[in-house]
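Fold and contact review
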Amino acid sequence: MSGLAETDPEIAEVIEKERLRQLNGLELIASENLVSHAVLEAMGSIMTNKYAEGYPGKRYYGGCEFYDIAENLARDRMKKLFGAEHANVQPHSGTQANMAVYFAVMECGQGKMMSMSLSQGGHLSHGSPVSFSGKMYQVTQYGVDLETEMIDYGVVEEIARKLKPDLIVSGASAYPREIDFRAFAEIAEEVDAYSMADIAHIAGLCATGMHNSPVGHIDFVTTTTHKTLRGPRGGAIMCSSEYAGLVDKAVFPGMQGGPLMNTIAAKAVCLKEALKPSFRDYNRQIVRNAQALAETLADGDLRLVSGGTDNHLMLIDLTDRGITGLEAEMALGKAGITANKNTIPREKRSPFVTSGLRLGTPAVTSRGMKEEEMRSIGEFIIRALRDIHNEANLRRIREEVVELTGRFSLYPDEP
Ligand code: DSN
């Protein structure tokens, strides 16, 4: 950091303050994680210096021979990790990966797609009216059954039969239960639609057998690389060899120009880390930690949407507590716990206020925390939510959070 501190002390100071925030706080945002030194080194390397439009062996710029090696390593490792026939590691983000698949299989302005609604667990880029996806395509959305708060595959099938969509999207950002990707694949086949699964949140779980994998069943599998996969912020797409050309063309030149090659090098590093047996242990622990945290919260009389979790996240329904998701998020923030307000299935409030709170365990598990720490974290949350306006109470919890986090590294590769 010495070069940066000299060149730009303001930014150096911001980065140091953020490092301390991450070090001394509990990161429970379900879509976030912490990366290794090796991933950081690749991201912050001279691999950012060059243009490499095109693909390995077929670039529009000279001097790409080492970039080709890096991109091929990332693609090959991703294929090996997920058992995929083809991987494109160039999308800058999960939303761009989704956009590329839409471009690949639907006509702008005419395509019909089906996806999970944002307010019941889906993602903005799955057809929300405020996103390009909702503006460019005709979107029909499914949600969860309001009693079980889980996806009803019979209802999804019924909608698909009536709508005859071009594309059926599965995958979610705030769904605590296992998704039956084979059921989605069968429904898509029945109505002659393409299928896409966005596994951004659960990619690590799918790669390690902690969640069923859509690869090999669903036509297009999109992901980010920075959530349970524990890599740099970015996106990727997997598909069969049959669709490789379609996907590659949709990403470049269809949707993006020059790939972020420092990020692609870092994706290769994270995928190498993910191929180690310890990555399976890590993902198993994410799920165990989520279950321990969920049980503690439920024992503390907090209602969890769908009654619990099968994956890395859970949603607290705050309705009977008389507080909003926004108030809960702010109170936990004062206690050194970062989480996010989230809509819940029977939501009556706006997305800026909400009645729910989403919590996830990937980042705290990367710090080496286990079930015992999850029970302590659950108790912190129960105490904070019981009395959100009691500043002294929140300050006391914050001191305990600092004591707890002080025992764990910020880097997953540093014990
Ligand atoms: N916005 C991310 C999340 O928090 O779930 C997904 O892209």
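Our structure's up above, just so we're on the same page.
Residues numbered from 1 in each chain as written. Predicted model: local features only at pLDDT ≥ 70, side-chain atom pairs only at ≥ 80, totals over all residues. Heavy atoms only, no water.

1. Considering the pairing of strand β5 (residues 112–116)
- Across the five residues that make up β5, a large majority, four, are buried.
- Bridge count for β5 against strand β6 (residues 138–142) is five bridges, and the pairing is parallel. Directly across from Met116, in β6, lies its bridge partner Tyr142.
- Here two bridges tie β5 to strand β7 (residues 167–170), and the two strands are oriented parallel to one another. Each residue of the ladder has a partner; that of Met113, found in β7, is Leu167. (Buried < 20%, exposed > 50% of the residue type's maximum accessible area, 1.4 Å probe, protein only. Helix = DSSP H or I, 4+ residues; strand = E, 2+ residues; numbered from the N terminus. Pairing = 2+ DSSP bridges.)

2. Some points on empty space enclosed by the protein
- Under the definition given, this model contains three cavities of 30 Å³ or more.
- In terms of lining residues, the largest cavity is bounded by 16 residues, among which Ala172, Tyr175, Ile179, His201 and Ile202 are the most central.
- When its residues are assigned to classes, the lining of the largest cavity shows eight nonpolar, six polar and two charged.
- Its volume calculated, the second largest cavity comes out at about 40 Å³.
- Every residue lining the second largest cavity is listed: Gln120, Val144, Glu149, Ala174, Tyr175, Pro176, Val305, Leu315, Thr343, Ile344 and Pro345.
- Classifying every residue of the lining of the second largest cavity gives eight nonpolar, two polar and one charged. (1 Å grid on protein atoms, 1.4 Å probe; cavity = no way out; pocket = protein on both sides within 12 Å on 5 of 7 lines; lining within 4 Å. Points joined across faces, edges and corners; volume = space filled by probe spheres on them. Nonpolar A, V, L, I, M, F, W, Y, C, P; charged D, E, K, R; others polar.)

3. Structural notes on the packing of helix α7 (residues 153–163) against helix α8 (residues 181–190)
- Where α7 meets α8, the axes come as close as 10 Å, and the angle between the chain directions of the two elements is 20°. Here α7 lies roughly parallel to α8, going by the angle between them. Seen from above, α7 lies across α8 with right-handed handedness. Of the residues in α8, those touching α7 at Tyr153, Val156, Glu157, Ala160 and Arg161 are Ala183, Phe184, Ile187 and Glu190.
- Broken down by class, the residue content of the contact of α7 with α8 amounts to six nonpolar, no polar and three charged. (Axes fitted to C-alpha atoms, helices over the stretch in contact; angles between N-to-C directions. Parallel < 35°, antiparallel > 145°, perpendicular 65-115°, else oblique. Left-handed = near helix turned anticlockwise from the far one by under 90°. Contact = heavy atoms within 4.5 Å.)

4. A look at the site of the ligand
- Around the ligand, the neighbouring residues are Ser31, His123, Ser173, His201, Lys227 and Arg358.
- Take Ser31: an N or O atom from its side chain is 2.7 Å from an oxygen atom of the ligand.
- For the ligand, an oxygen atom lies 2.9 Å from a polar atom in the side chain of His123.
- Considered on its own, the ligand offers 230 Å² of accessible surface; in the complex 64% of this is hidden by protein.
- The residue inventory of the shell around the ligand, partitioned by class, reads no nonpolar, four polar and two charged. (Near = heavy atom within 4 Å. Polar contact = N/O pair within 3.5 Å; in protein donor to acceptor, adjacent residues only side chain to side chain. Areas by Shrake-Rupley, 256 points an atom, 1.4 Å probe, with all protein chains shown as cover.)

5. Let's talk about a nonpolar patch on the surface
- Together, Ile11, Val14 and Ile15 make up a nonpolar patch on the protein surface, roughly 250 Å² of accessible area in all.
- Counting through the fold element by element, Ile11 comes out in helix α2 (residues 9–24). (Patch = residues over 30% accessible without salt bridge, like charges linked within 9 Å, V, L, I, M, F, W, Y side chains within 5 Å. Salt bridge = Lys/Arg side-chain N within 4 Å of Asp/Glu carboxyl O.)

6. Considering the packing of aromatic side chains
- Counted according to the given criterion, the structure contains 10 aromatic pairs.
- Residues Tyr153 and Phe184 carry aromatic rings whose centres are separated by 5.6 Å and whose planes lie at 75° to one another, so their mutual orientation is edge-to-face. Residue Tyr153 is located in helix α7, and its partner Phe184 is located in helix α8; the two are separated by 31 residues in the primary sequence.
- These aromatic residues form a ring-pair network of at least three members: Tyr102, Phe132 and Tyr137.
- Positioned over the ring face of Tyr282 is Arg230, at 4.0 Å from the centre of the ring. (Phe/Tyr/Trp six-rings, centres within 6.5 Å; stacked < 30°, edge-to-face > 60°. Lys NZ or Arg CZ within 6 Å of the ring centre and 35° of its normal.)

7. A closer look at the sheet that holds strand β9 (residues 220–224)
- As summarised here, the arrangement of the seven strands in space is β4-β10-β9-β8-β7-β5-β6, forming an open sheet in which the pairing is mixed. Two strands in the sheet have a free side with no partner beyond their single neighbour: β4 (86–88) and β6. Averaged over all pairs of adjacent strands, the angle between their axes in this sheet comes to 20°, without regard to strand direction.
- Here four bridges tie β7 to strand β8 (residues 194–198), and the two strands are oriented parallel to one another. Residue pairing for β8: Ser170 is matched across the bridge by Ala197.

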